[in-house]
Amino acid sequence: MIPCRGCGQPIHETATVCPHCGAPNTASTKRILPAALLCFFFGLLGFHRFYVGKIGTGILQLLTGGGFVVWTVYDFVLIILGGFTDKQGNKINLWT
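One structure accompanies this document, and this report is about it. (Residues numbered from 1 in each chain as written. Predicted model: local features only at pLDDT ≥ 70, side-chain atom pairs only at ≥ 80, totals over all residues. Heavy atoms only, no water.)

What follows concerns helix 3 (residues 55-68). Here helix 3 spans 18 Å end to end across 14 residues, near enough to the 20 Å set by a 1.5 Å rise per residue. A maximum bend of about 85° is found in helix 3 at Leu62. Within helix 3, the full set of buried residues consists of Gly58, Gln61, Gly66 and Gly67. In the core, the buried residues of helix 3 are packed alongside helix 2 (47-51) and helix 4 (70-81). Positive backbone phi, at 75°, marks Val69, one or two positions downstream of helix 3. (Helix = DSSP H or I, 4+ residues; strand = E, 2+ residues; numbered from the N terminus. Expected span 1.5 Å × (residues − 1). Bend = angle between axes of the 7 residues up to and from the residue. Buried < 20%, exposed > 50% of the residue type's maximum accessible area, 1.4 Å probe, protein only. Contact = heavy atoms within 4.5 Å.)

Okay, structure coming up:
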């Protein structure tokens, strides 16, 4: 079960729309825990960005040392707070 992005009611993660408000369910298949661990341990290499499908910015982080560390810290905070998105723009909001 995940919270609906429209009304916050719990819905099944495979549901295409919320049965309560009709909002589309655009949840990501990626998870917070692997992204957070990859960012914490290999963030300077951009591994967390490769994990979510953002290959271009992953290569950019690899070449710049995680955006001179600042970009990696910013990404880590976004991941932990649930504001990080995958390649399609869907928020990564499930821990496991």
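Note on placement: Thr72 falls in helix 4. Look past the residues within four positions of Thr72 in its chain and what remains in contact with it is Cys39, Gly43, Leu44, Gln61 and Gly66.

Once that is clear, we can look at the environment of Lys54. Along the chain, Lys54 falls in the loop between helix 2 and helix 3. With 45 residues separating them along the chain, Lys54 and Gln9 place their C-alpha atoms 30 Å apart. Residues contacting Lys54, with those up to four places away along its chain left out, are Arg49, Phe84, Thr85, Asp86 and Lys87.

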